[in-house]
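# Report on the structure
Chain by chain, the residues:
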Amino acid sequence: MPNQKKEKHTISVLVNDEPGALARVIGLFSGRGYNIDSLTVAPVNLTKKYSRIIIVTSGTKIIIEQIIHSLERLIQVKKVIDLTLGNSTSERELALVKVTSKNNKINLLKKTAKKYKAKLIFHNSKKYAFEITNSPDIINSFIFELNKIGTIDVSRTGLIAILKN
Amino acid sequence: MHGAKIVLKSLVDQGVDIIFGYPGGATLPIYDELFKQRKLKHILVRHEQGAVHAAEGYARSSGKVGVVCVTSGPGATNCVTGLADAYMDSIPLICLTGQVPTKLIGNDAFQEADTTGITRPVTKHNYLVKNVQDLEKIIQEAFHIAKSGRPGPVLIDLPKDVQNEKYIYKGKKRNNKINYQPKANINLNSIKKAITLILKAKKPIFYCGGGVINSGLEASKILTKLIRKTKFPCTNTLMGLGCFPAINKQFIGMLGMHGTYEANLAMHDSDLIIAVGARFDDRVTGNLSKFSPFAKKIHIDIDPSSINKNVKVDIALIGDVKIIINSIYLQLEKNKSFLKFENIKKWWSQINTWRKKNCLGYKKVNYPIKPQFAVERLYELTKNKDCFITTGVGQHQMWAAQYYKFNKPNRWMTSGGLGTMGYGLPAAIGAQIANPNKLVIDIDGEASFLMTMQELSTICQYKLPVKIFIVNNKWMGMVRQWQELIHSGRYSESYTESLPDFVKLAESFGIVGLKAEKSSEVDNAIKEMIKIKKPVLLNMVVDQKENCFPMIPSGAAHNEILLGPEDKTTDETINEEGMVLV
């Protein structure tokens, strides 16, 4: 097989919300040596008991094709969609960032948060926690800037996106 | 009705009449119900791995689903090798495992193991039944999953309390919607494109695998008709042997690492490969970058994930082999005036030149017995008996594949994908139970045989007239061969020290033991083995140094095939890249 360029893909996997479904999906990736860059999972249809798993992975075109076919082969998988720039909305992620900083930096902190449209969701004398929803790149740079202001603690959901049609 | 009874009722309603198993604490309710009924026959094996291989042999020789029942913990973990084997070779199995009561799961209870967790990567699907209400539906679904699409093993983990709880059994009244429906949309356009390629081809070849066998007897028949009609040459994979008759002149032998010279060179030089139910396995393709550089490829497979996995193909036809081959056949009938045999005349004369090399030739001597001679004579003396052959893994397996000619599907049972030593004896048990009046022969190596030989006791208990044909070279022959060719003869741990006296061993189980040490004794020994209507073990003591040829060293291309010991390996054929491959 000729050496091909690796591409990043976001794959949406609709699964039955049953025990073992997530383990099968993840096991497929680890067992066959595919990468997982980011993973989110949550129930999306409570009556039909479906969950959606969104996986960001990278590989050559052939590998991505393999990943999709192998996922479709799993019994609990209902639908696999390769979310691309063309067919889906832009990618979103939510992050909570807590900063511990000295008093003299508070103004800078607030200015940065405003610039990134991050919401202050908690604070006391030394600690400030922000919520930000944006593309992973912008969240990265937000975190990068806050890191210069004080010690930080980050919790991220992983990336999600949805089909346009 | 108790859960345990629901299990057995469901099995009977699925048409099961044989279970292979071994009881234990967590399956006692099932075994108690088993005791009270007469519809299901239970075959008691001596090790759970044997139960799974026996079920595989049963499934492969009968086309039915094999059923296994074992206990929790060690019972389930002992099944793992067999399940992995069935998964790799796409064999439909249902494996029922006992489990500790639901309340104790996760408590490190006695004989507890996370069975569904352990077996997840080696089964097509698995279930942990937590409610007796779900039991019937799950079993029904499990059979459907095991059989449909690309078949495979399905495991159902049954906690002991679920086996004891009561619930109603709906049976045939139940109208269950089963969610799992494998995709199959046959694209007529692609079939037409395939026909165009077939009509144009000057150097075509059919490359057929286990998928044809799995698709059923009808698939082999239609495929044979199609191949005859086209007059194209046909090669089979190890798993596909028997799907096209080996005695047909268009059959050019098995391909791959130990395939024939003509099959491998034809694959290399061809301009059109029609892959039918085969998956371009690494044993078949050799060096991928040098694999069939000139060929257009048509790939027929039921599993979309097999397409473009190893080799990029030009036309993919996804679906059941039988249906696709049939529609190709019908289309070709319409266009038969365009099928020009002069197109492939040159191709056949080329193939016949390769054939003249007689790549399966070997030196005939009286002592020691050449293993090829032993298998060849076995074939000659049993060819009119519609035999079922099983094997272990190693040199003897390859010799069996090369020298035993299979003309019907479901007659050849060998561990292809996983390469499980010890497969032969238990698989022969399963094949014999499925075909009680047929001659079942386990062509085994002494090392493979030793891995599961406790099943001699099973053979004895059920008076199964299985013939065990041990090609005994006192070495783990294939390991020894690789050590000779690739590791400069450093025979590290590949000699089997302290072998038992096989004749006495057989006799201790009430099995007739025979032995042959000279070529002149071979025929009589085989004839006697067949004549005795009881289980027989024939210890065929063969040449210890014989290697299995032809051979494509790993990392080499099809046209770099070695024909024999005179064909010295050069540094070019076995390079560093090849050495790291298996």
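Please read all numbers here as calculations on a predicted model, not as lab measurements.

Thresholds applied
Residues numbered from 1 in each chain as written. Chains lettered and ligands numbered in written order. Predicted model: local features only at pLDDT ≥ 70, side-chain atom pairs only at ≥ 80, totals over all residues. Helix = DSSP H or I, 4+ residues; strand = E, 2+ residues; numbered from the N terminus. Rg over C-alpha atoms; globule rule 2.2 N^0.38 Å. Buried ≥ 20, exposed ≤ 12 C-beta atoms within 10 Å, placed from the backbone. Contact = placed C-beta atoms within 7 Å. Nonpolar A, V, L, I, M, F, W, Y, C, P; charged D, E, K, R; others polar. pLDDT = per-residue confidence, 0-100. Core = buried A, V, L, I, M, F, W, Y, C linked by C-beta atoms within 7 Å. Pairing = 2+ DSSP bridges. Axes fitted to C-alpha atoms, helices over the stretch in contact; angles between N-to-C directions. Parallel < 35°, antiparallel > 145°, perpendicular 65-115°, else oblique. Left-handed = near helix turned anticlockwise from the far one by under 90°.

Before going further, it helps to spend a moment on the overall build of chain B. When its secondary structure is counted, chain B shows 24 helices and 18 strands. Against the compact-globule benchmark of 25 Å for 582 residues, chain B has a radius of gyration of 24 Å, which places it among compact chains. Principal-axis analysis of the C-alpha atoms places the extent of chain B at approximately 70 × 60 × 45 Å. In chain B, which comprises 582 residues, the proportion classed as buried is 54%. A separation threshold of at least 6 residues defines the contact pool for chain B, and within that pool the share at least 24 residues apart is 76%.

Turning our eyes to something else, we now look at the overall build of chain A. Helices and strands together make up the secondary structure of chain A, namely four helices and eight strands. Written out in order from the N terminus, the α and β elements of chain A read β-α-β-β-α-β-β-α-β-β-α-β. Its C-alpha atoms give chain A principal-axis dimensions of roughly 55 × 45 × 30 Å. Residues counted as buried form 22% of the 165 residues belonging to chain A. Intrachain contacts of chain A at a sequence separation of at least 6 include 73% that bridge at least 24 residues.

What follows deals with the interface of chain B and chain A. Where the parts come together, the accessible area they lose is often given as the size of the interface. In this assembly, 14 residues from chain B lie in contact with 15 residues from chain A. Considering only residue class, the side of chain B that touches chain A consists of six nonpolar, four polar and four charged.

Another point: the environment of Pro204 of chain B. Residues and elements named next belong to chain B. Its location among the elements puts Pro204 in strand β7 (residues 204–208). Separated by 92 residues in sequence, Pro204 and Lys296 have C-alpha atoms that sit 9.2 Å apart. Once residues within four sequence positions are removed from consideration, Pro204 is found in contact with Ile198, Phe232, Ser270, Leu272, Ile274 and Ile344.

Detailed reading of the predicted model is not advised wherever pLDDT is low. Confidence in the prediction of chain B, expressed as mean pLDDT, is 94, and 97% of residues score 70 or more. With a pTM of 0.94, the predicted complex shows an ipTM of 0.89.

We now examine the nonpolar core. Ranked by internal contacts, the top residues of the largest apolar core, which has 194 residues, are Val68, Leu93, Ile94, Leu223, Val276 and Leu538 of chain B. Excluding residues within four positions of it along the chain, Ile94 of chain B makes contact with Val65, Val67, Ala142, Phe143, Ala146, Val154 and Ile156 of chain B. Of all hydrophobic cores here, the second largest spans 11 residues; its members include Val97, Tyr128, Phe130 and Phe142 of chain A.

All names here are of chain B. For strand β11 (residues 296–301), the tally of buried residues reaches five of six residues, placing the bulk of the element in the interior. Sheet analysis places strand β10 (residues 272–276) next to β11, joined by five bridges and oriented parallel. Paired with Val276 across the bridge in β11 is Ile300. In this structure, β11 lies alongside strand β12 (residues 315–318), joined through four bridges in parallel fashion. Following the sheet pairing, Asp301 is matched in β12 by Ile318.

Bringing the packing of helix α16 (residues 371–382) of chain B against helix α23 (residues 519–531) of chain B into the picture now. Residue and element names in this part refer to chain B. The contact between α16 and α23 brings their axes to 10 Å, and the two run at 45 degrees. Taken together, α16 and α23 sit at an angle that is classed as oblique. Note that α16 runs across α23; the crossing there is right-handed. Contact with α16, carried on its side by Phe373, Ala374, Arg377, Leu378, Leu381 and Thr382, involves Ser519, Val522, Asp523, Ile526, Lys527 and Ile530 of α23 and no other residues of that element. Taken together, the residues of the contact of α16 with α23 break down into seven nonpolar, two polar and three charged.

Residue and element names in this part refer to chain B. Read across the open sheet, the six strands follow the order β9-β8-β7-β10-β11-β12; overall the sheet is parallel. Each edge of the open sheet carries a strand with a single partner, namely β9 (251–254) and β12. Averaged over all neighbouring strand pairs, the angle between strand axes comes to 15 degrees, with direction disregarded. Across the sheet, helix α12 (residues 261–269) is in contact with β7, β8 (234–236), β9 and β10; its angle to β9 comes to roughly 100 degrees.

Another point: the sheet that holds strand β2 (residues 38–45) of chain A. Residue and element names in this part refer to chain A. With antiparallel pairing, four strands are arranged side by side in an open sheet as β2-β3-β1-β4. The two strands at the open ends of the sheet, each matched to only one other strand, are β2 and β4 (77–83). Pairwise comparison of adjacent strand axes, ignoring direction, gives a mean angle of 20 degrees for this sheet. In this structure, strand β1 (residues 7–16) lies alongside β4, joined through six bridges in antiparallel fashion. Across the sheet, the residue bridging to Ile11 is Asp82, located in β4. In the packing of helix α1 (residues 21–31) onto the sheet, contacts are made with β1, β2 and β3 (50–59), and the angle to β1 comes to roughly 155 degrees.

Quick look at unusual backbone geometry now. Most of the time, phi is negative for any residue but glycine, and the peptide bond is trans. Residue and element names in this part refer to chain B. Between Tyr367 and Pro368 the backbone carries a cis peptide bond, its omega angle lying at -5 degrees. Of note, the amide linkage connecting Phe549 to Pro550 takes the cis form, showing an omega dihedral of 0 degrees. As for its position among the elements, Pro550 is in the loop between β18 (536–541) and α24 (576–580). One non-glycine residue with positive phi stands out, namely Phe280, at about 50 degrees. Classification of Phe280 as buried rests on a count of 25 C-beta atoms within 10 Å.

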